[in-house]
Amino acid sequence: MSRVWTTTRRKISTSPAGGYLSGFRRVPRRVRPTTLGTIHQCFPRGVVPDRYDALTSALHFADNEEEHPAEDRLWKLRPVLDVLESTYRSVPNKSVTVDKSLWAFKGRHHALQYNPSKRARRGLKVYKLCSSDGPEAGYTAAFKIYMGQDRGVFPSSMKAVTDLLEKADLLDKGYQLHTENWYTSPTLFHYLQARKTSAVGTVRLNRRDMPLDLQQDQNDLPSVGPVTTAHTSKVVTLPPNRRGVERSKPEVVVDYNNGMKGVDFSDQLAQSYPSTKKTVKWYKKFFFTYWI
């Protein structure tokens, strides 16, 4: 028979802190501490692991009995998303990148993605806009959770980029965006150039609206090439490698390789504090992954 716990506002407030601090001080699963105060001194003495588990299992962010907009598929997380989007700020560095992350999730959800090239393979897809250079490299300025087909005037690949730039308020401010071949298209780059935003990326040469002299035959494998609105044909010399050999590369290739590291670096930093609590509820998965 499960125990019924009485709680207070203070103990509820310390519940998310338990997941956050568990990323700083890992406790083996076979070790069951008598109180969370053994993990960190900020916990009240009365918060025992069973009470902590009971609070996190009953965690909700919206009232299920209230009416919610039918088109809002994220209404269970809307209060959390509003706080996060109002907290994030524009990055001072002018170099940013857009890419997607896959968060491992084994529960049920209509928007689950399967990607064998990712380490998680199966999970929830999140688009992220991150800083690429400077001390703030890896900082997430905006994000978007994929909840199914994104229907709109623009294609889904272009809509993901424009929505993130508008959320972070980076358009018309001289930023430089780096994208991979799934996002890159002539339509997107012309739109960004009109909004005073330069762009660098790789593009599939057989993509729609590409110049005819660059398109490949349908029988050939689709090749990928660089495209930019911020560079010329300048070639730069790289520092000698371990063998002492100097190499030369187009400046656009060097800039693209340096600029695309933002989202990967952000995911790498997040793995340093694995505070995620196992759950089959997708909104709790997001909260423990992104908020904490």
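Up top is the structure these notes are about.
Cut-offs applied
Residues numbered from 1 in each chain as written. Predicted model: local features only at pLDDT ≥ 70, side-chain atom pairs only at ≥ 80, totals over all residues. Heavy atoms only, no water. Helix = DSSP H or I, 4+ residues; strand = E, 2+ residues; numbered from the N terminus. Buried < 20%, exposed > 50% of the residue type's maximum accessible area, 1.4 Å probe, protein only. Polar contact = N/O pair within 3.5 Å; in protein donor to acceptor, adjacent residues only side chain to side chain. Phe/Tyr/Trp six-rings, centres within 6.5 Å; stacked < 30°, edge-to-face > 60°. Lys NZ or Arg CZ within 6 Å of the ring centre and 35° of its normal. Salt bridge = Lys/Arg side-chain N within 4 Å of Asp/Glu carboxyl O. Axes fitted to C-alpha atoms, helices over the stretch in contact; angles between N-to-C directions. Parallel < 35°, antiparallel > 145°, perpendicular 65-115°, else oblique. Left-handed = near helix turned anticlockwise from the far one by under 90°. Contact = heavy atoms within 4.5 Å. Nonpolar A, V, L, I, M, F, W, Y, C, P; charged D, E, K, R; others polar. Core = buried A, V, L, I, M, F, W, Y, C linked by side-chain atoms within 4.5 Å.

A. Seen up close, the side chain of S132. Note that S132 resides in the loop between β3 (122-131) and β4 (140-145). The exposure class of S132 is buried, given its relative accessible area of 0%. At 2.6 Å, the side chain of S132 and the backbone oxygen of G259 are in polar contact.

B. Quick look at the packing of aromatic side chains. Per the counting criterion, the structure on display carries nine aromatic pairs. Arranged with centres 6.4 Å apart and planes meeting at 90°, the rings of F61 and Y283 form a pair that is edge-to-face. Of the two residues, F61 sits in the loop between α2 (49-57) and α3 (78-87) while Y283 sits in helix α8 (residues 282-291), which places them 222 residues apart along the sequence. Just as F61 is buried, Y283 falls in that class too. When the centroid spacing of 6.5 Å and the interplanar angle of 85° are considered together, the rings of Y127 and Y146 count as edge-to-face. Taken as a pair, Y127 in strand β3 and Y146 in the loop between β4 and α4 (156-168) lie far apart in primary sequence, 19 residues in all. Y146 sits in the buried class, given a relative accessible area of 16%. Cluster of aromatic residues (ring-pair linked, three or more members): F61, W282, Y283 and F287. The side chain of K125 reaches across the aromatic face of Y146, ending 4.4 Å from its centre. Sitting over the ring of W182, K125 keeps its end group 5.9 Å from the ring centre.

C. Broad picture of the pattern of salt bridges. Considering all chains together, one arrives at six salt bridges under this definition. Linking R78 and D72 is a salt bridge whose minimum nitrogen-to-oxygen distance equals 2.8 Å. The shortest N-O distance in the salt bridge between D169 and K173 comes to 3.2 Å. Relative accessible area serves as the criterion here: at 38%, K173 is assigned to the partly exposed category. Three or more residues are tied together by salt bridges with common partners; here these are K144, K159 and D163.

D. A look at unusual backbone geometry. Although it is not a glycine, D172 sits at a positive phi angle of roughly 65°. Examined against the element boundaries, D172 turns out to sit in the loop between α4 and β5 (176-179). With relative accessibility at 39%, the residue D172 sits in the partly exposed group. The phi dihedral of K196 is positive, around 60°, even though this residue is not glycine. In this structure, K196 sits in the loop between α5 (186-194) and β6 (198-204). Given the relative accessible area of 60%, K196 is considered exposed.

E. Molecular detail of the packing of α4 against α5. Remark: α4 packs on α5, axes separated minimally by 10 Å, with the N-to-C direction vectors making an angle of 20°. Taken together, the axes of α4 and α5 are roughly parallel relative to one another. Along this stretch, α4 crosses α5, giving a crossing that reads as right-handed. Between α4 and α5, the contacting residues are M158, V161, T162, L165 and E166 on the first element and T187, L188, Y191 and L192 on the second. Of the residues contributing to the contact of α4 with α5, the split by class is six nonpolar, two polar and one charged.

F. Broad picture of the nonpolar core. Within the largest apolar cluster, 47 residues are counted, with the highest numbers of intra-cluster contacts made by L77, L129 and F286. Of all the secondary structure elements, the ones that give two or more residues to this core are α3, β1 (95-104), β3, β4, α4, α5 and α8. The element that contributes the greatest number of residues to this core is α4, accounting for six residues. Discounting chain neighbours no more than four positions away, the residues touching L77 are F61, I145, W282, Y283 and F286.

In short, the description is geometric, and any link to function would need to be established separately.
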